[in-house]
Amino acid sequence: MSKDKSGKIPTPQAVRGTQDMLGDFADRFQHVVETFERVRRLYGFKRVEVPVIEPTAVFARSLGETTDVVSKEMYSFEDRGGESITLRPEFTAGIARAYVTNGWQQFAPLKVATHGPLFRYERPQKGRYRQFHQLDAEVLGSDSPLADAELLVFADQLLKELGIAEGVTLTLNTLGDAESRDAWRAALVEHFEAHRGDLSEDSLARLDKNPLRILDSKDPKDRPIADSAPDIDAFLTGEAQDFFGAVTAGLDAAGVAWERNARLVRGLDYYRHTAFEFVTDRLGAQGTVLGGGRYDGLIENLGGPPTPAVGWAAGIERLAMLIDEPRTGLLKVIMAVEDDLAVPAAQKVIATLRANDLSADMIATGSARKRYDKATKINAHVLMSLRWVDDKPVVRTQSAPESEVHTQVRTILDNLGFR
RNA sequence: GCGAUCGUAGCUCAGUUGGUUAGAGCGCCGGUUUGUGGUACCGGAGGUCGCGGGUUCGAGCCCCGUUGGUCGCCCCA
């Protein structure tokens, strides 16, 4: 590999916060996606595909145009027609938009699932990228707690089948209906105002912008105040209590373990009732592995009819970091072509192996006498060598004794006339 | 937007209080062994030490700036 120093061309760098995946991690990623696709079918969730780009208004409106989120954390740009376009930062808003613009109300209640890349203009850190990938499941047009419970059981089964359920806890809360939520919020503001002097600087800012967020402040200074704040329970209406009770009863019936976390909140106003996160302590600061909730107000924010809905999303990279290394199929045959004259014969053999559903690869470049060495270093069921003796290709195979693959390979070689 | 920390070969990393010609393993290339074998042995190529200034007789090492990665804060739909 020689470098031409005279004609130096600067290599373009990858965009900040994007990642390239090869081998082990790509396999993990793929395993997560495949498991999700299999499990979502078990629950009757339809596959849905929505665009990666949407008019900025789709996300701005669904998010309420309030927070930092819209102003500085979306990946937005103008297209050539001058329209503001945003790379999707989440699935829910796009799916909700599709639900309205395509008249999918006719299918309500609609259970859908998807996965793919999302984009947020943020500072990268462990488990957080500017382009990242999520699994997503939504139930649109159902106001039944059965939908919430089903989604949670689905999520729980997914994590179990990925083999990571052990280190992961389902934490669950209710934000009540609009009436409960408003009453609780008012009580919280009152509580925090009374302790204004003891709050951290960050939390003072939250008090104006997003008081519920003070509840999960990480600042030790805030903890006593947050911990002594009133729970929502005292403010829940009867309906809200019944709803939450029905969700937890569904979890218990299905054998899903959960923990109440009365401190779990959602900043945005369209969230109602169920809020949940599956959390782990194995991912540093990014402990949430899967999260979601009921967002009965969102579709209205997009100009659609009042539509109850609930859903969750999970970061594929985070799940991929947690799972054990998937057992990818071991290569069936690795072939060392020890003489260039044997290459055509090798090509014939390898094509036949592959046509017979046997994975195979060959080493036929570089030093001829080193090819066998390289082949031995590649793990495969059968090690095959091809030499050129007396103007003829000579094949030899080695494998573990009584290998079924070995028998198959020998049969194919016999049929090809190799001895 | 803020903070901490790290950038040495294609990769993973050593590199002494600042001191001649910057090292190892893996990978790559070549040689030895012409074999029911060979995950071996020997050798070679490959580095403006992220980039730009500064201090010094002398900088991979110290200082300043800058850029990129990592981790954290804010935010987290």
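Shown above is the structure to which this text applies.
An account of the accompanying structure is given in this report. What you see as residue numbers is a count from 1 along each chain, following the sequence as written. The lettering of chains begins at A and the numbering of ligands begins at 1, in the order of writing. Residue-level local features of this predicted model are given only where pLDDT is at least 70; pairs of side-chain atoms are given and counted only at 80 or more, and the full residue set underlies all totals for whole chains, interfaces and linings. The basis for the side-chain values is all heavy atoms of the structure; hydrogens and waters are excluded.

1. Observations concerning the overall build of chain A
Counting from the N terminus, the helices are DSSP H or I runs at least four residues long and the strands are E runs at least two residues long. Check the secondary structure of chain A and you find 14 helices and 15 strands. Throughout, the radius of gyration refers to the C-alpha atoms, and the reference size of a globule is 2.2 Å times the residue count to the power 0.38. Taken over C-alpha atoms, the radius of gyration comes to 28 Å for chain A, far larger than the 22 Å a tight globule of 419 residues would show. Projected onto the principal axes, the alpha-carbon positions of chain A cover approximately 95 × 60 × 45 Å. Throughout this description, buried means an accessible area under 20% of the type-specific maximum (1.4 Å probe, protein chains only), exposed means over 50%, and partly exposed covers the range between. Across the 419 residues of chain A, 45% fall into the buried class. Within chain A, counting contacts between residues at least 6 apart in sequence, those at least 24 apart form 71% of the total. Counting rule applied: Lys, Arg positive; Asp, Glu negative; His and chain ends not counted. Here the site of a charge means NZ on Lys, CZ on Arg, CG on Asp, or CD on Glu. A gap of 9 Å separates the mean positions of the 52 positive and 62 negative side-chain charges of chain A. Contacts between residues were defined by any pair of non-hydrogen atoms, one from each residue, lying within 4.5 Å.

2. Quick notes on the packing of helix α1 (residues 24-42) against helix α5 (residues 145-161)
Put simply, α1 and α5 touch, their axes get as near as 10 Å, and they point 140° apart. One element, α1, and the other, α5, form an angle in the oblique class. When the axes of α1 and α5 are compared, the crossing they make is right-handed. Seen from α1, the contacting residues are Thr35, Phe36, Arg38, Val39, Arg40 and Leu42; seen from α5, they are Phe154, Gln157, Leu158 and Glu161. Only Asp, Glu, Lys and Arg are considered charged, only Ala, Val, Leu, Ile, Met, Phe, Trp, Tyr, Cys and Pro nonpolar, and every remaining residue, Gly among them, polar. Among the residues making up the contact of α1 with α5, the classes are represented as 5 nonpolar, 2 polar and 3 charged. Here, axes are lines fitted to C-alpha atoms. For helices the fit covers the stretch in contact, and angles between N-to-C directions go from 0 to 180 degrees. The cut-offs work like this: below 35 degrees is roughly parallel, past 145 is roughly antiparallel, 65 to 115 is roughly perpendicular, and the gaps in between are oblique. Helix crossings fall into two classes, left-handed where the near helix is turned counterclockwise from the far one by less than a right angle and right-handed where it is turned clockwise.

3. Looking at the protein's contact with RNA strand B
The local shell around RNA strand B holds 37 residues, among which Arg123, Arg206, Arg213, Arg369 and Ser385 are the closest. Throughout, near means a residue has at least one heavy atom within 4 Å of the molecule or strand. When atoms of RNA strand B within 4 Å of the protein are sorted by moiety, sugar and phosphate together comprise 43%. With respect to RNA strand B, the side chain of Glu338 contributes an N or O atom lying 3.1 Å from a base nitrogen. Elements that contribute at least two residues to the surface near RNA strand B include exactly α7 (201-209), α13 (371-377), β14 (380-389) and β15 (392-399). Among the elements that take part in the surface near RNA strand B, α13 stands out by supplying 5 residues, more than any other. Split into classes, the residues belonging to the surface near RNA strand B amount to 7 nonpolar, 7 polar and 23 charged. Polar contact is the term for a pair of N or O atoms within 3.5 Å; when the atoms are in protein, one must be able to donate a hydrogen and the other to accept it, and sequence-neighboring residues count only if both atoms are side-chain atoms.

4. Details of the pairing of strand β6 (residues 131-140)
Counting buried positions over the 10 residues of β6 gives 9, a clear majority of the element. Direction of pairing for strand β5 (residues 110-119) relative to β6: antiparallel, over a ladder of 10 bridges. Counterpart to Lys111 in the pairing with β6 is Val139. Note on pairing: DSSP must find at least two bridges between two strands before they are called paired. Bridge analysis of β6 against strand β11 (residues 309-315) gives 7 bridges, and the strand direction is antiparallel. By the bridge assignment for β11, Asp136 is matched with Ala313.

5. What about the packing of helix α2 (residues 56-63) against helix α4 (residues 92-101)?
At their nearest, the axes of α2 and α4 sit 9 Å apart, and the two run at 105° to each other. As far as their axial angle goes, α4 and α2 are roughly perpendicular. Taken together, the residues of α4 that come into contact with α2 (itself represented by Val58, Phe59 and Ser62) are Ala93, Gly94 and Arg97. Across the contact of α2 with α4, the residue classes tally to 3 nonpolar, 2 polar and 1 charged.

6. Topic: the side chain of Thr86
In this structure, Thr86 sits in strand β4 (residues 84-87). A polar contact of 2.7 Å, which involves the side chain of Thr86, links it to the side chain of Ser76. What Thr86 contacts, discounting residues up to four positions off in sequence, is Val52, Ile53, Glu54, Thr56, Phe59, Met74, Tyr75 and Ser76.

7. Topic: the pairing of strand β10 (residues 288-294)
Burial analysis of β10 places 5 of its 7 residues in the buried class, which makes it a mostly covered element. Judged from the 6 bridges that link them, strand β9 (residues 272-279) and β10 form a sheet pairing that is antiparallel. Considered in β10, the bridge of Ala275 is made with Gly293. Of the pairings in the sheet, the one linking β10 to β11 comprises 5 bridges and is antiparallel in character. Residue pairing for β11: Gly292 is matched across the bridge by Trp312.

8. Let's talk about α1
Multiplying one less than the number of residues by 1.5 Å gives the expected span of a helix. Taking 1.5 Å per residue as the helical rise, α1 with its 19 residues ought to reach 27 Å, and the 27 Å between its terminal C-alpha atoms agrees with that figure. Among all positions of α1, only Arg28, Phe29, Val32, Val33, Thr35, Phe36, Glu37, Val39 and Arg40 are buried. As for α1, its buried residues are in contact with β1 (46-47), β5, β6, α5, β11 and α11 (316-322). Trailing α1 by a residue or two, Gly44 shows a phi angle of about 70°, which is positive.

9. Notes on the environment of Ser84
Following the sequence through the fold, Ser84 ends up in strand β4. The class for Ser84 is partly exposed, based on a relative accessible area of 33%. Between the C-alpha atom of Ser84 and that of Thr56, which follows or precedes it by 28 residues, the distance is 5.6 Å. Sequence-distant contacts of Ser84, defined by excluding residues within four places in its chain, comprise Glu54, Pro55, Thr56 and Phe77. Within the structure, Ser84 has its side chain in polar contact with the side chain of Thr56 (distance 2.6 Å).

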